[in-house]
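Structural overview
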Amino acid sequence: MKDNFGRDISYLRISITDKCNLRCKYCMPEKGVSLVEHKDVMTIEEYIQVAKVFKNLGISKIRITGGEPLVKKGVVDLISGFKNIGIKEIAMTTNGILLGDMAKNLKEAGLTRVNISLDSLQEDKYRGITRGGELQKVLDGIESCKKYGITPVKLNTVVMKDVNIDEFRNFVDLTKEDDISVRFIELMPIGEAVRYKDRFVSNDELLSLYPELKPIDSMDISSPAKYYKLPKAKGNVGFINPMSCKFCGTCNRVRLTSKGQLLMCLHSNIHIELLKPLREGKDIGKIIKDAIYNKPEAHHLLEGEYNSTDMNEIGG
Ligand code: SAM
Ligand code: SF4
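All values derive from a computational prediction rather than experimental measurement.

Some details on the overall build of the protein
- Helix and strand counts for the protein stand at ten helices and twelve strands.
- The C-alpha atoms of the protein give 19 Å as radius of gyration, which agrees with the globular expectation for 316 residues (20 Å, within 12%).
- Within the span of the protein, comprising 316 residues, buried residues form 54% of the whole.
- At a minimum sequence separation of 6, the contacts of the protein that also span at least 24 residues come to 74%.
- A total of about 14500 Å² of accessible surface is found on the protein, and carbon and sulfur atoms cover 51% of it.

Here it is as structure tokens:
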């Protein structure tokens, strides 16, 4: 369905848990998340029930994210559930730690695409950024995706000053021999990351570090990424600039959290409660329609309006 500004909303991102098996410094507090009572989070059946309503309103793509979606019990059933109600594209954003063991089942259940977050190709640095993650597990996860056909794999990388900017060219070089997409996402000042604001590197600055990268046509006009390629490379490189270049005008997405809160914009503190009305048997289709119609025109990050919620709750 269309919102008040004529944007066609067809993409739902669901954060199915705010828990995670890593503690990336810019995303999660070291102590982890505060415990939410079991009754306050959506069940697998409720996600499917809500997804059916969204599908009838024109949602054709769902991305499952988190926290870490692969730590959520029932994630494979959730994917089968989405497939059975006719969702065409079922994607996931994951840190990849558990993919090595799960890729086969995920593929069989109906997962069509995966984005794997990876901020360093060096074991020690990866462990540092993630507060304990094992790089080899992510690399095994990437191989499993290739083996079971969850392809092409996309890597998501947040580049930060004095952290991993020295690895930028190495990440780009991964695309030379491999048909993968490496996407650089500018650090957004959300939740924990507000403390890392001075580590921000703009994508323009990154591009200047690799002048051989040439722009190519975007594969998807609603994608916030601008794509580039090295000469003769098999894969490609994407840049997502939420800070330095707004893509609000073509935004086609809304978000749902594991507590059943509907967010119209990643950067807004405003949410609409869906879980309570769903459990009370109310017409959530009407609530969703009204919320979509009133989706804000644009974010105001550069004017200093930040969302105070941590990324692991909203899902990135
Ligand atoms: N745990 C999964 C993962 O890491 O892919 C899914 C959730 S995570 C919140 C989704 C993405 O958000 C990751 O690629 C992560 O790097 C990114 N992210 C988290 N905090 C961010 C921030 N402040 N700015 C930009 N990207 C961020
Ligand atoms: Fe976990 Fe993903 Fe946040 Fe890292 S970025 S702490 S893996 S939710």
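Description of helix α5 (residues 135-148)
- With 14 residues, α5 extends 20 Å between its outermost C-alpha atoms, agreeing within 8% with the 20 Å of an ideal straight helix rising 1.5 Å per residue.
- Within α5, the full set of buried residues consists of L135, V138, G141, I142, S144 and C145.
- For α5, the secondary structure elements touched by its buried residues are α3 (99-109), β4 (113-117), α4 (123-130) and β5 (154-157).
- Within two residues after α5, G149 carries a phi angle of roughly 80 degrees, on the positive side.

Concerning the sheet that holds β5
- Sheet architecture is open: twelve strands sit in the order β7-β8-β9-β6-β5-β4-β3-β2-β1-β10-β11-β12, paired in mixed fashion. Of all strands in the sheet, those bounded by a partner on one side alone are β7 (214-215) and β12 (272-273).

Side note on the site of ligand 2
- Lining the immediate environment of ligand 2, one finds C20, L22, C24, C27, M28, G67 and N95.
- Classifying every residue of the shell around ligand 2 by side-chain character gives five nonpolar, two polar and no charged.

A word on the pairing of strand β10 (residues 253-256)
- Both faces of β10 are covered, namely the face carrying R253 and R255 and the face carrying V254 and L256.
- Where strand β1 (residues 11-15) meets β10, four bridges bridge the pair, whose relative direction is parallel. Looking at the pairing, L12 lines up with V254 of β10.
- Both β10 and strand β11 (residues 261-263) contribute to a ladder of two bridges, which runs antiparallel. Note that in β11 the partner of R255 across the bridge is L263.
- Taken together, β10 and the strand that follows it, β11, pair antiparallel across an intervening segment of four residues, in which G260 is found at a positive phi of about 80 degrees.

Notes on helix α6 (residues 168-177)
- Of the residues making up α6, those classed as buried are F168, F171, V172 and T175. Looking down the long axis of α6, one finds its buried residues gathered within 95 degrees of arc, a one-sided arrangement.
- In the core, the buried residues of α6 are packed alongside β5, β6 (181-185), α7 (203-208) and β9 (236-240).

Details of the nonpolar core
- Within the largest apolar cluster, 71 residues are counted, with the highest numbers of intra-cluster contacts made by F82, F184 and L213.
- The greatest single-element share of this core, amounting to six residues, is contributed by helix α1 (residues 44-56).
- Setting aside anything within four residues of it in sequence, one finds F184 in contact with T157, V159, F168, F171, V172, N203, L206, V237, G238, F239 and I240.
- Core analysis: the second largest hydrophobic core is formed by 18 residues, C27, M28, L187 and L266 among them.

Conventions adopted
- Residues numbered from 1 in each chain as written.
- Chains lettered and ligands numbered in written order.
- Predicted model: local features only at pLDDT ≥ 70, side-chain atom pairs only at ≥ 80, totals over all residues.
- Heavy atoms only, no water.
- Helix = DSSP H or I, 4+ residues; strand = E, 2+ residues; numbered from the N terminus.
- Rg over C-alpha atoms; globule rule 2.2 N^0.38 Å.
- Buried < 20%, exposed > 50% of the residue type's maximum accessible area, 1.4 Å probe, protein only.
- Contact = heavy atoms within 4.5 Å.
- Areas by Shrake-Rupley, 256 points an atom, 1.4 Å probe, with all protein chains shown as cover.
- Expected span 1.5 Å × (residues − 1).
- Pairing = 2+ DSSP bridges.
- Near = heavy atom within 4 Å.
- Nonpolar A, V, L, I, M, F, W, Y, C, P; charged D, E, K, R; others polar.
- Arc of directions from axis to C-beta.
- Core = buried A, V, L, I, M, F, W, Y, C linked by side-chain atoms within 4.5 Å.

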